[in-house]
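# Notes for the structure review
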Amino acid sequence: MSLTVDERSALLELIPTLAPGGDAAEAVTFFRAHEAGCLDELGAVPGFDQVRAGVLRLLPAVLPDADLRAPHLLAVDEALKAYVPAQLDRTDALRRHPAWVALCALELAGQRGEAAADGRARAVRLAAAGFERVSPGEPRGDGEVLWAVAEVAAEAGWDDHTEPLLEAAARAPFADPDNLGRVRLVQVLRLLAVDESAAPGVVDGLLAGPALDPQTRTHLLWIGAHLDREAGRLDRAIARLEEAKGLVDEADEPEIAARIASALVAWGVDAPPAEA
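Counting starts from 1 at the beginning of each chain's written sequence and moves along it residue by residue. In view of the model being predicted, local features appear only for residues whose pLDDT reaches at least 70, and side-chain atom pairs are presented and counted only at 80 or more, with totals across whole chains, interfaces and linings using the full set of residues. Side-chain descriptors were evaluated using all non-hydrogen atoms of the structure, hydrogens and water having been removed beforehand.

## Some words on the overall build of the protein chain
When its secondary structure is counted, the protein chain shows 15 helices and zero strands. Projected onto the principal axes, the alpha-carbon positions of the protein chain cover approximately 80 × 40 × 35 Å. Should any heavy atoms of two residues lie within 4.5 Å, those residues are counted as being in contact. The long-range share in the protein chain, meaning contacts at least 24 apart out of those at least 6 apart in sequence, stands at 63%. Carbon and sulfur atoms provide 55% of the accessible area of the protein chain, an area that totals close to 13800 Å². Only four residue types enter the tally: Lys and Arg on the positive side, Asp and Glu on the negative side, with His and both chain ends excluded. Think of each charge as sitting on NZ of Lys, CZ of Arg, CG of Asp or CD of Glu. Side-chain charges of the protein chain comprise 26 positive and 46 negative groups, with the mean position of each set lying 5 Å from the other. Comment: elements are numbered from the N terminus, with helices defined as DSSP H or I runs of at least four residues and strands as E runs of at least two. Residue exposure ignores everything except the shown protein chains as possible cover, and the areas themselves are Shrake-Rupley values with a 1.4 Å probe.

Right under this line is the structure:
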């Protein structure tokens, strides 16, 4: 018998603890206390793929013997093969969230020692079919699919999937070419959080590279300007802010325009005239 609704909810609350470096002790304890139900979740059809992914990620900790894990990995494989979004009703299509189906495929490939590219190819194929069922007709290339899966992985804190997915997205075709720049911006923001010293070179490369949509370029100019100012390159920092100012329509984006104007004033440019 699979987990109850309350047990699934309890397990889902523990999903973030399965992040790299996280303390998964409570999740492991939960698994061991509900082992039969958790193992049933792996092969449940249609099942609930966020739960399936969590159980699958915990499997090596609970069953360190590869031979004991093998039939359960096969059950996951069969559940993925049974994922035919066009045949799912609306409720099951939402339960089997395309991004979590893809993450199951990635987890499975990793545990089986399959090539990363093969795991991603399967993940993209499954997720693309699922997104088409959930939001039919929406233009999306492999880049958009990989980006969407990366966002869900990031929300869970599963950065061992997030970073490779973003890198793969940046190399994949997009239905909207502007999305490539947006993915690169996401990568810069994540890089700033872990290694600010590497960010200036990445930002410089993006700003000097292929054309970006105005909103993405404005954001990168803002980041680059502040990095330049911290490094003592005030002239270039100001030049970048002035370029960003020229890209913003004050009527459409008054808050962004005001923030840029305020920074220029703070940096000694465009200061308001003194009162008589």
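Next comes the rest of the write-up.
## Structural notes on the pattern of salt bridges
What counts as a salt bridge is simple: a side-chain nitrogen of Lys or Arg found within 4 Å of a carboxyl oxygen of Asp or Glu. This structure, assessed with the given rule, holds 23 salt bridges. Close ionic contact of Glu-132 with Arg-140 constitutes a salt bridge, the shortest N to O distance being 3.4 Å. Its salt-bridge partner being Asp-204, residue Arg-240 comes within 2.8 Å of it at the nearest N-O pair. Taken together, the residues Arg-240 in helix α14 (residues 234-247) and Asp-204 in helix α12 (residues 199-208) connect sequence positions 36 residues apart. According to the relative accessible area criterion, Asp-204 is partly exposed, its value standing at 26%. Here the residues in one salt-bridge network are Asp-77, Glu-78, Lys-81, Arg-112, Glu-114 and Arg-122, joined through shared partners. Only protein chains enter the accessibility calculation, which uses a 1.4 Å probe. A residue is then buried if its area is under 20% of the maximum for its type, exposed if over 50%, and partly exposed in between.

## Side note on the environment of Val-203
By the secondary structure assignment, Val-203 is in helix α12. Overall, Val-203 belongs to the buried group, its relative accessible area being 1%. Note: C-alpha distance between Val-203 and Val-188 (15 residues apart in sequence) is 7.2 Å. In this view, Val-203 contacts Val-188, Leu-220, Ile-223, Gly-224 and Leu-227; residues no more than four positions away in its chain are not counted.

## Remarks on the nonpolar core
Counting 58 residues, the largest nonpolar core has Phe-31, Leu-59, Leu-80, Trp-100, Leu-103, Trp-158 and Leu-165 as the members making the most contacts within it. The dominant element in this core, judged by the number of residues it contributes, is helix α7 (residues 98-112), at nine residues. Discounting chain neighbours no more than four positions away, the residues touching Leu-165 are Leu-103, Leu-106, Leu-146, Val-149, Ala-150 and Ala-153. Of all hydrophobic cores here, the second largest spans 23 residues; its members include Leu-206, Ala-225, Leu-241 and Val-269. Working definition of a nonpolar core: buried Ala, Val, Leu, Ile, Met, Phe, Trp, Tyr and Cys residues. They are joined through side-chain atoms within 4.5 Å.

## Let's talk about the packing of aromatic side chains
Each Phe, Tyr or Trp ring (for Trp, its six-membered ring) is paired with any other whose centre lies within 6.5 Å, and the angle between the two planes then decides the class: stacked below 30 degrees, edge-to-face above 60, tilted in between. Under the criterion given, the structure shown has one aromatic pair. Taken together, a centroid distance of 5.2 Å and an interplanar angle of 90° make the contact between Trp-100 and Trp-158 edge-to-face. Here Trp-100 is found in helix α7, whereas its partner Trp-158 is found in the loop between α9 (142-156) and α10 (159-171), with 58 residues between them in sequence. You can call Trp-158 buried: its relative accessible area is 0%. Looking at Arg-57, its charged tip hangs above the ring of Trp-158, at a distance of 4.2 Å from the centre. We call a charge positioned above a ring when the Lys NZ or Arg CZ atom is no farther than 6 Å from the ring centre and deviates by at most 35 degrees from the ring normal.

## Focus: the packing of helix α3 (residues 35-43) against helix α4 (residues 49-62)
Between two packed helices, the angle of one axis relative to the other and the distance separating the axes together describe the packing. One can describe the packing of α3 onto α4 by two numbers: an axis separation of 9 Å at closest approach and a directional angle of 120°. Judged on the interaxial angle alone, α4 and α3 are oblique. With respect to the hand of their crossing, α3 and α4 are arranged in left-handed fashion. Here Glu-35, Cys-38, Leu-39, Glu-41, Leu-42 and Gly-43 of α3 come into contact with α4, specifically with Val-51, Arg-52, Val-55, Leu-56, Leu-59 and Val-62. Residues are grouped as follows: Ala, Val, Leu, Ile, Met, Phe, Trp, Tyr, Cys and Pro are nonpolar; Asp, Glu, Lys and Arg are charged; every other residue, Gly included, is polar. For the contact of α3 with α4, the residue count by class is eight nonpolar, one polar and three charged. A fitted line through C-alpha atoms serves as each axis, taken over the contacting stretch for helices, and the angle formed by two N-to-C directions is quoted from 0 to 180°. The cut-offs work like this: below 35 degrees is roughly parallel, past 145 is roughly antiparallel, 65 to 115 is roughly perpendicular, and the gaps in between are oblique. Throughout, a crossing is termed right-handed when the near helix is turned clockwise from the far one, and left-handed when it is turned anticlockwise from it by less than a right angle.

## Thoughts on the environment of Cys-104
Position of Cys-104 among the secondary structure elements: in helix α7. Each C-alpha atom, one on Cys-104 and one on Ala-199, is 32 Å from the other, the two residues being 95 residues apart in sequence. With residues near it in sequence (within four places) discarded, Cys-104 still touches Asp-49, Arg-52, Ala-53, Leu-56 and Leu-80.

That's the geometry; what it means functionally is another story.
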